[in-house]
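Here are the chains, one letter per residue:
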Amino acid sequence: MRILTRYVLREVISHALIGGVLFTFVLFMKELGPLVELAVRNTTSLSTVFEVFLLMLPNMLTVTIPMAVLVGILLGLSRLAADSEITAMRASGIGVWRFVGIVAVVAVCAWCLGMANSLYLAPKASARLLHLEDNLKNTQATYEIQPRVFYEDLKNAVLYVEDVRAGTGASNWHQVFLADLTDPTAPKVTTAEEATVVSSDNQGLIMRLRNGAQHEISSGKPDGYTVSTFDQTDMHFESESTSDPHLGHSDAPVLAMSNRELLERARKGGHWYQIELQKRFAYPAACLVLMLVGVPLGISSKRGGKSAGFVLTILLVFIYYFLSSTGIALARQHKLPIFLGVWAANLLFGVCGIFFLRQMSTGGAAVAAVASISLRTRPLKSAAADLPQPQERTVSRRHIRGRFPLILDEYILRQFLGTFLMVLVAFVMLMLVFTFFELLGDIIRNQTPLIIVGEYLINLTPNMVYNLTPLSVLISVLVVFGLLNRTNEITAMKATGISLYRMIVPVLVIASVLALSLFIFDELYLPSANRKQEELRNIIKGRPAQTYQSLDRKWMFGNQQRGKPGRIFYYEFFDAYNDRFANITVFEFDPATFSLTRRIFAASAHWDPQWNRWIFEHGWERSFDGDEITGYKTFEVNTFPEVTEPPSYFKQELRPSQEMSFNELRRYIQALRQSGFDTMRLRVQLNRKVAYPLITLVMAILAIPFALSMGRKGSLAGIAVAIGMAIAYMFVDGTFEAMGNVNLLPAFLAAWSPDVLFGLAGSYLLLRTHT
């Protein structure tokens, strides 16, 4: 009996570990990009990045530990049931409750681990993560500033810098334009040839400006204008984010509070604190109730094997967390008692699990009826049934070499495509489930109709397919070639004179087709789907309808021309339909010294299509030479022919890169570069629109030598290797992308470096593999 117990436990634990890593990886995918960019932007050490990664894990494990228990039980027992091993065990006298006793060892251990994580590790990690993020953000302001970009995150100020040079502990800026907007109607302007900048403790900036001038005008009094020059002056500006209330200890997030703090606040009637305290006990207990449901369903899945087990896992995870999230949301709205709202999913699954176990032990049909809803997927066939027999046809070696596809190619393609589609669908379903959980509270709070939620998930699916296709190709190649190697089919193919390079041709062809398809998909359909899903997400979140027009762009850099003064436009309102400005100021400066040479203000300005120029009304004009005002005049109506920017220049749309095709994004970048807006991120994304689809082919090349090196370890080992490789790629890709976003690398290099590095590594390993 001990041998049998160890055998079942080994099967369940191996699947549980792989499932836990997989679920945690899926949750972590969305966090990796911001984490890496934060690290790159703040020149954080690798040890700090690793610490942040570790601190993020406990809150993820709170959700994924119960899921790992369920997937381990369902996949492990489903595999035993598919191979009739469960039938043999039960025929030898082992009852259903004996399986419960064996599997309960895993469930109880996971429950203890989950309790320790939920009650101790997760709160400590959340508190430490907040502290660490605050320390990182304290130095973020200087790294946020990008050259030739208007930075508007300072309190009551707008900053423009022509050139930024990073230094140790400080940044050096060249040609600075700073507008103090304490009085928006009369901005106080400071220009300087250079500045040395450090971050203050409150996420602000301390600037030492040199060789500059200050221009100040009295509000409502155009005659009251002063200009003063300086050799050196110090200025301090605070960031808008300094008022974030969660940074203080007394307002710390609920997740970061200790159990004692939660208990004290819960006794004082804190509704949310009582819910959080109950959740810390309810989620670990899910390991036990999911075990009660998983055992009878896993034992009864005789035909589907691991595929049926995985489908059942996703379905049960969706049902459990749907009930749990719904109950918690209703409890927060005082529509359910706290205990019932938090524990409803556990109570329901516990009752159903005991009912199913009794049904199975007494020969009831309820469990079989539930298990029958899982997909029946045909397992991979052995090659013996599909390989051509000698008497079927005789083909010359020359004809075989010149023909594609061969019967063998069709066999490999069938295995690869079947596995690829199954993995891709499973990943998409899993991501949709997690997304639904995240939005469930908003759905209930805003009473969003389910048809809108369904439409949002439908429009979100194309983006998930686009992002998950390379990972699905990686796993499929590892699983298929791993199984072919395990069953000695690759050895048989080599024995017939077919080299490894010829075997992988069909996979490389399909991977290339998928890469090209992803690019075309991104060009023709994905941007519109992304725009639609963003609109629907705003409805679900209860946000007002957003516009991407440029009406809120109060600062714009003019169209620069060599040898002519530069211009900066500041306006309080722009009517894009009638081409009319309200309270517009035009700053002209010398490009060599960046000192103001002229300032124009008008209460209104409109575009005259006949004269093809702007008509300024009710304003004044001043010209400067250093700290001297060399000219001043007022006007009722005036035109300035040198202001050549047409209305279309101020109407450029603000659109995310994922909502544009390659050509649209390229034209958008060209239009923005003259307006003083940051285009570095957009240029990185432009190159990634070509580089990312190609990673599908790179992943296929990289996976083949790893699959052949695993020997007879099977598909689970392939999935484990795939997860490790995917994590490595995402980290490298996120690092290079973040370095490109902060101007540490050219856009082309930031986008293409991961493809080149992983492609070279895969090609090297493939060339060293025995053919």
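Along each chain, residues carry numbers from 1 onward, in the same order as the chain's sequence is written. Where totals are concerned, whole chains, interfaces and linings use all residues; where local detail is concerned, this predicted model gives features only for residues with pLDDT of at least 70, and gives and counts side-chain atom pairs only at 80 or more. Only hydrogens and water are set aside; all other atoms, that is, all heavy atoms of the structure, feed into the side-chain values.

*Asks:* Quick rundown of the pairing of strand β8 (residues 566–575)? Include the residues and the values.
*Replies:* Of all the ten residues making up β8, eight are buried; the element is thus mostly covered by neighbouring parts of the structure. Whether two strands pair comes down to DSSP finding at least two bridges between them. Starting at the N terminus, helices and strands are each numbered in turn, a helix being any DSSP run of H or I of at least four residues and a strand any DSSP run of E of at least two. Examined bridge by bridge, strand β7 (residues 555–557) and β8 share three bridges and lie antiparallel to one another. Each residue of the ladder has a partner; that of M556, found in β8, is F569. By the bridge criterion, nine bridges tie β8 to strand β9 (residues 580–589) in an arrangement that is antiparallel. Note that in β9 the partner of F574 across the bridge is F581. Classification of residues uses two cut-offs on accessible area relative to the type maximum, computed with a 1.4 Å probe and protein chains only: under 20% is buried, over 50% is exposed, and between them is partly exposed.

*Asks:* An account of the packing of aromatic side chains is needed here, citing residue identities and associated values.
*Replies:* When two rings of Phe, Tyr or Trp (its six-membered ring) have centres within 6.5 Å they constitute a pair, described as stacked for plane angles under 30 degrees, edge-to-face for angles over 60, and tilted for the intermediate range. Tallying each qualifying case throughout the model produces 36 aromatic pairs. Between F581 and W614, the aromatic rings sit 5.0 Å apart at their centres with planes inclined by 55°, giving tilted as the arrangement. On the criterion of sequence distance, the pair formed by F581 in strand β9 and W614 in strand β11 (residues 613–625) is long-range, its members being 33 residues apart. The class for F581 is buried, based on a relative accessible area of 2%. Under the relative-accessibility criterion, W614 is labelled buried at 2%. The rings of F569, Y571, F574, F581, W607, W614, Y649 and F650 are connected pair by pair, giving a single aromatic cluster. As a reminder, the over-ring test applies to NZ of lysine and CZ of arginine, requiring each to be within 6 Å of the ring centre and within 35 degrees of the ring normal. Above the ring of W620, the side-chain terminus of R622 is found at 4.8 Å from the ring centroid.

*Asks:* Tell me what's going on with the side chain of Q533, and back it up with residues and numbers.
*Replies:* Mapped onto the fold, Q533 is located in helix α18 (residues 526–541). With relative accessibility at 9%, the residue Q533 sits in the buried group.

*Asks:* Please set out the environment of M60 residue by residue, giving values where relevant.
*Replies:* Relative to the helices and strands, M60 resides in helix α2 (residues 46–82). Between the C-alpha atoms of M60 and A122, which are 62 residues apart in sequence, the distance is 8.9 Å.

*Asks:* Tell me what's going on with the pattern of salt bridges, and back it up with residues and numbers.
*Replies:* A pair is scored as a salt bridge if a Lys or Arg side-chain nitrogen falls within 4 Å of a carboxyl oxygen belonging to Asp or Glu. Enumeration according to the criterion identifies 16 salt bridges in this entry. The partner of D234 in a salt bridge is R208, with the nearest N and O atoms 2.9 Å apart. Taken as a pair, D234 in strand β6 (residues 221–237) and R208 in strand β5 (residues 205–218) lie far apart in primary sequence, 26 residues in all. Judged by its relative accessible area of 37%, R208 is partly exposed. A salt bridge links R598 to E621, with the nearest nitrogen and oxygen atoms 2.9 Å apart. One end of the pair, R598, is in strand β10 (residues 596–608); the other, E621, is in strand β11, and 23 residues separate them in sequence.

*Asks:* Which residues make up the environment of P647, and what values go with them?
*Replies:* Looking at the element boundaries, P647 is found in the loop between β12 (628–639) and α19 (662–672). Among the residues examined, P647 registers a relative accessible area of 7% and is labelled buried. Along the backbone, P647 and F574 are 73 residues apart, and their C-alpha atoms lie at a distance of 9.8 Å. Contacts are assigned to residue pairs that have any heavy atoms within 4.5 Å of one another. The contact partners of P647, leaving out residues within four places of it in the chain, are F574, D579, W607 and W614.

*Asks:* How would you sum up the nonpolar core? Please name residues and give values.
*Replies:* Side-chain atoms within 4.5 Å link the members of a nonpolar core, which is a set of buried Ala, Val, Leu, Ile, Met, Phe, Trp, Tyr and Cys residues. Ranked by size, the top nonpolar core spans 114 residues in total, and within it Y320, F427, L468, L474 and V477 carry the most contacts. Residue contributions to this core peak at 22 residues, all from helix α13 (residues 407–445). Those residues in contact with L468 that sit more than four places away from it in its chain are M29, L424, F427, V428, M431 and Y692. If you look at the next biggest cluster of nonpolar residues, it comprises 28 residues, including V96, F99, I102 and M291.

*Asks:* Break down the packing of helix α17 (residues 505–524) against helix α20 (residues 680–709) for me, citing the residues and quoting the values.
*Replies:* All axes are obtained by fitting lines to C-alpha atoms, using only the stretch in contact for helices, and the reported angles, taken between N-to-C directions, cover 0 to 180 degrees. Where α17 meets α20, the axes come as close as 8 Å, and the angle between the chain directions of the two elements is 165°. Put simply, α17 runs roughly antiparallel to α20. α20 is crossed by α17, and the crossing has right-handed handedness. Facing V507, L508, A511, S512, L514, A515, L518, F519 and D522 of α17, the residues of α20 in contact are K689, V690, P693, L694, T696, L697, A700, I701 and I704. If an angle is under 35 degrees, it is roughly parallel; if it is over 145, roughly antiparallel; if it lies from 65 to 115, roughly perpendicular; otherwise it is oblique. Crossings are sorted by hand: turned counterclockwise from the far helix by less than a right angle, the near helix makes the crossing left-handed, and turned clockwise it makes it right-handed.

*Asks:* Hey, could you go over the sheet that holds β11 for me, with residue numbers and the actual values?
*Replies:* Ordered in space as β7-β8-β9-β10-β11-β12, the six strands form an open sheet in which the pairing is antiparallel. Either end of the sheet is taken by a strand with one partner, and the two such strands are β7 and β12. Neighbour-to-neighbour, the strand axes of the sheet open up by a mean angle of 15°, direction not taken into account.

*Asks:* Residues and numbers for α18, please.
*Replies:* Expected helix span is taken as 1.5 Å per residue step, with the number of steps being one fewer than the number of residues. Here α18 contains 16 residues, and its C-alpha end-to-end distance of 22 Å stays within 8% of the 22 Å for a straight helix at 1.5 Å per residue. Buried within α18 are the following residues: L526, P527, A529, N530, Q533, L536, N538 and I540. Those residues of α18 hidden inside the fold are in contact with α13, α14 (450–486) and α17. Of the residues flanking the end of α18, it is G542, one or two places downstream, whose phi is positive at about 75°.

*Asks:* Got a sec to walk through the confidence of the model for the protein chain? Specific residues and values, please.
*Replies:* For the protein chain, mean pLDDT is 79; residues scoring 70 or higher make up 81% of the total. What pLDDT expresses is the predictor's confidence in each residue, scored from 0 to 100. Every residue in residues 241–252 is under pLDDT 50, and counting partners more than four places away or in other chains gives 13 contacts. Note that pLDDT drops below 50 for residues 545–552; the model gives that stretch 17 contacts with residues more than four away or on any other chain.

*Asks:* Explain a nonpolar patch on the surface to me, and be specific about the residues and the numbers.
*Replies:* Patches draw on residues past 30% relative accessible area with no salt bridge. Two like charges within 9 Å are joined, as are two nonpolar side chains (Val, Leu, Ile, Met, Phe, Trp, Tyr) within 5 Å. With residues, only the protein chains shown are counted as cover, and all accessible areas are computed by Shrake-Rupley using a 1.4 Å probe. A surface patch of nonpolar side chains, amounting to about 430 Å² of accessible area, comprises L516, I520, L524 and Y525. Take Y525: it is sitting in the loop between α17 and α18.

*Asks:* Can you explain the packing of α13 against α18? Please cite residues and give values.
*Replies:* Where α13 meets α18, the closest approach of the two axes is 8 Å, and the angle between their N-to-C directions is 55°. Classified by the angle between their axes, α13 and α18 sit oblique to one another. Residues L439, D442 and I443 of α13 form the contact with α18, whose own contacting residues are R537, I540 and K541. Residues of the contact of α13 with α18, tallied by class, amount to three nonpolar, no polar and three charged. When residue character is reported, Ala, Val, Leu, Ile, Met, Phe, Trp, Tyr, Cys and Pro are called nonpolar, Asp, Glu, Lys and Arg charged, and the others, Gly included, polar.

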